[in-house]
Amino acid sequence: MKRILSILLTLCLCSMAVFADEQGDEYDDGYVYQQNGAGDRFLKIELDGLFPLNFGDSLKPGFGVNLGYYKFFSDKFAVGGEVMVTNSFSIGNKALFMIPLTGGIIFQPSAGKFEFPLLLNVGLATETWASMSYWPALTFKASAGVYYRFSESWSFGASTSFMSITELFAKNQKQQTGMFVTGALNARYHF
């Protein structure tokens, strides 16, 4: 009888462990996970379509590649820089190459896994048109985009931007401003 009682007591104790409440296993320290925080950085690459605005029919749409680096100083603001290489052709097949080097600030709200960066950049550019080169050219760029955070390290999206490039000449020459709109497919690597 003692054996049966000890076996039943052992089975009861084991069954209590199976049906025990797991309330003590969770620990909540109050931390809310954010996709971006102070000190986070990202590299981006864009493949751009370049559409001239103020050239009439004399300049065809072109393309460009844009590389950038940014560092967040809060969960919504980042600073950094970009270099872009663009190419477009005139009706007479004269090539326009522009290489803007800019620095700027991003304001980036987010909703779930979607991020909506708004970007302002200012810098200098070099231009080559046919056989003439111009340096420096003042560059201004404003962009807006939408990204999907695919993983902790990668986000993919699309953006559009307005870019203005003003040639700075000597006092006796005329300044010219080229205005462009871009449409881009983007990838960003976050670290």
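Refer to the structure presented above.
Once a new chain begins, its residue numbering starts again from 1 and follows that chain's sequence as written. A pLDDT threshold of at least 70 governs which residues receive local features in this predicted model, and a stricter bar of 80 or more applies before side-chain atom pairs are shown or counted, although totals over entire chains, interfaces and linings include all residues. Excluding hydrogens and water, the side-chain values take into account all heavy atoms of the structure.

Novice: Which residues make up the overall build of the chain, and what values do they have?
Specialist: Per the convention used, a helix needs a DSSP run of H or I reaching at least four residues, while a strand needs a run of E reaching at least two, with both numbered from the N terminus. On a plain count of helices and strands, the chain comes out with one helix and ten strands. The order of α-helices and β-strands along the chain, N terminus first, is α-β-β-β-β-β-β-β-β-β-β. When the accessible surface of the chain is split by element, carbon and sulfur atoms take 66% of a total near 12000 Å². Surface exposure here means Shrake-Rupley accessible area, sampled with a 1.4 Å probe, where a residue is shielded only by the protein chains that are shown.

Novice: Can you tell me about the pairing of strand E3 (residues 77–89), naming the residues and giving the values?
Specialist: Summarising the sheet, strand E2 (residues 62–72) and E3 pair through ten bridges and their orientation is antiparallel. Residue Tyr70 lies in a different strand from E3, and its bridge partner there is Gly80. Only when DSSP finds a minimum of two bridges between them are two strands counted as paired. Remark: four residues form the turn of the hairpin made by E2 and E3, two consecutive strands paired antiparallel. For E3 and strand E4 (residues 95–107), the ladder comprises eleven bridges, and the chain directions are antiparallel. Across the sheet, the residue bridging to Phe77 is Phe107, located in E4.

Novice: So what's going on with the packing of aromatic side chains? Residues and values would help.
Specialist: We call Phe, Tyr and Trp rings a pair once their centres come within 6.5 Å, taking the six-membered ring for Trp, and we label the pair stacked below 30 degrees between planes, edge-to-face above 60, and tilted otherwise. On inspection of all chains with the given rule, the structure shows ten aromatic pairs. An aromatic cluster is built from Phe150, Trp154, Phe156, Tyr189 and Phe191, whose rings are joined through pairwise contacts. A ring has a charge above it when a Lys NZ or an Arg CZ is no more than 6 Å from the ring centre and no more than 35 degrees off the ring normal. Positioned above the aromatic ring of Phe42, the side-chain terminus of Arg188 is 4.5 Å from the ring centre.

Novice: Please provide a residue-by-residue account of unusual backbone geometry, values included.
Specialist: Here the residue pair Trp135 and Pro136 is connected by a cis peptide bond, since its omega of -10° sits within 30 degrees of zero. Of note, the phi angle at Asn93 is positive, near 60°, even though the residue is not glycine. The exposure class assigned to Asn93 is exposed, which follows from its relative accessible area of 55%. Partly exposed residues are those whose accessible area sits between 20% and 50% of the maximum for their type, while under 20% is buried and over 50% is exposed, using a 1.4 Å probe and protein chains only.

Novice: Just give me the short version of the nonpolar core, but keep the residues and values in it.
Specialist: In plain words, nonpolar cores are sets of buried Ala, Val, Leu, Ile, Met, Phe, Trp, Tyr and Cys residues tied together by side-chain atoms within 4.5 Å. Membership of the largest hydrophobic core is limited to ten residues, which are Leu50, Leu59, Met84, Leu96, Met98, Ala125, Ala137, Met163, Ile165 and Phe180. Any two residues having at least one pair of non-hydrogen atoms within 4.5 Å are treated as being in contact. Filtering out sequence-adjacent residues up to four positions away, Ile165 remains in contact with Met98, Pro100, Ala125, Glu127, Ala137, Leu138, Thr139, Gln176, Thr177 and Gly178. Among the nonpolar cores identified, the runner-up in size contains six residues, and Tyr70, Phe72, Ala78 and Ile106 belong to it.

Novice: Break down the environment of Gly64 for me, citing the residues and quoting the values.
Specialist: Structurally, the position occupied by Gly64 is in strand E2. Between the alpha carbons of Gly64 and Asp48 there is a distance of 4.8 Å; along the sequence they are 16 residues apart. What Gly64 contacts, discounting residues up to four positions off in sequence, is Glu46, Leu47, Asp48, Val85 and Thr86.

Novice: Quick one: what's the story with the pattern of salt bridges, residue by residue and with numbers?
Specialist: The working definition used for a salt bridge is a side-chain nitrogen of Lys or Arg within 4 Å of a carboxyl oxygen of Asp or Glu. Under the counting rule described, the total for this entry stands at six salt bridges. In this structure, Glu82 engages Lys44 in a salt bridge whose closest nitrogen and oxygen atoms are separated by 2.8 Å. Residue Glu82 is located in strand E3, and its partner Lys44 is located in strand E1 (residues 41–52); the two are separated by 38 residues in the primary sequence. Judged by its relative accessible area of 4%, Glu82 falls in the buried class.

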